[in-house]
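Structural description and commentary
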Amino acid sequence: MVFGEAPLSCKTTGTLTDSGVDETTATTLLFPNKAVATLSTSTVVRLPNEVEIRGTKGHIKVPCPFWCPTKLEVTTSIGEADLKTELFEFPLPTKADNSFLHVNSAGFRYEAECVRQCLMKGLKECPTARLKESL
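Residues numbered from 1 in each chain as written. Predicted model: local features only at pLDDT ≥ 70, side-chain atom pairs only at ≥ 80, totals over all residues. Heavy atoms only, no water.

Looking at the element boundaries, Gly 14 is found in strand β1 (residues 9-16). Judged by relative accessible area, Gly 14 falls into the exposed class, the value being 53%. The sequence separation of Gly 14 and Thr 27 amounts to 13 residues, and the corresponding C-alpha distance is 8.6 Å. Contacts of Gly 14, omitting those with residues within four sequence positions, involve Thr 24 and Thr 25. (Helix = DSSP H or I, 4+ residues; strand = E, 2+ residues; numbered from the N terminus. Buried < 20%, exposed > 50% of the residue type's maximum accessible area, 1.4 Å probe, protein only. Contact = heavy atoms within 4.5 Å.)

What follows is the structure, given as structure tokens:
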């Protein structure tokens, strides 16, 4: 989703537990525009569980836990050696919303509202998150 196209190649190496379950993995994805993504997983060591997207004009950090963040940090280059960092905090749930089942799950409200809007319009697919893209 970040690069807007499928990777040209994907290589993964790792280790398995004695029972054959993935224990540790390291994956590299290469994209047509010379972009590279690296991913790490482990059931043995604690990883930061955050995402960093880096480019020539700055970077975006999605802090832990990246699957349900409460903020984004965006750092942009504003000069040769100068950086500007902005923090974008997501709205916190209200007391009425405070009955969520999972930690930081208030972010699902946007997805749920999108589904609601699609259903009200008789749509079977969301125009901003098409099935083809999620596959």
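Okay, back to it.
Time to look at the packing of aromatic side chains. The full count for this structure, using the stated rule, is two aromatic pairs. A ring pair is formed by Phe 3 and Phe 31, whose centres lie 4.3 Å apart and whose planes are at 50°; its orientation type is tilted. Placement of the pair is Phe 3 in the segment before β1 and Phe 31 in the loop between β2 (22-30) and β3 (36-42), with a sequence separation of 28 residues. Under the relative-accessibility criterion, Phe 31 is labelled buried at 9%. Each ring, one from Phe 66 and one from Trp 67, has its centre 5.2 Å from the other, and the planes form 80°; the classification is edge-to-face. Judged by relative accessible area, Phe 66 falls into the partly exposed class, the value being 38%. Here Trp 67 falls in the exposed class, since its relative accessible area comes to 54%. (Phe/Tyr/Trp six-rings, centres within 6.5 Å; stacked < 30°, edge-to-face > 60°.)

We now examine the UniProt feature "domain: GFO/IDH/MocA-like oxidoreductase" (unreviewed entry) in the chain. According to UniProt, the feature "domain: GFO/IDH/MocA-like oxidoreductase" (unreviewed entry) maps to residues 3-60 in the numbering used here. Across residues 3-60 one finds 0% helix and 55% strand; the C-alpha atoms that close the span lie 14 Å apart. (UniProt positions renumbered as here; feature names shortened; annotations may be inferred.)

With five bridges joining them, strand β4 (residues 51-55) and strand β5 (residues 58-62) adopt antiparallel strand pairing. Pairing of Val 51 across the sheet is with Val 62, part of β5. Between the end of β4 and the start of β5, which pair antiparallel, lie two residues. In the sheet, β5 pairs with strand β6 (residues 71-77) via four bridges, with the strands oriented antiparallel. For His 59, the partnering residue across the bridge sits in β6 and is Thr 75. (Pairing = 2+ DSSP bridges.)

The next point concerns the sheet that holds strand β7 (residues 83-89). Across the sheet, four strands lie side by side as β4-β5-β6-β7; this open sheet has antiparallel pairing. The outermost strands of the open sheet, each flanked by one partner alone, are β4 and β7. Each strand axis lies, on average, 10° off the axis of its neighbour in the sheet, ignoring direction. (Axes fitted to C-alpha atoms, helices over the stretch in contact; angles between N-to-C directions.)

Our next topic: the environment of Val 51. Mapped onto the elements of the fold, Val 51 is located in strand β4. Residues Val 51 and Cys 64, spaced 13 residues apart in sequence, show a C-alpha to C-alpha distance of 8.0 Å. Excluding its chain neighbours within four sequence positions, the residues that come into contact with Val 51 are Ile 60, Lys 61, Val 62 and Phe 66.

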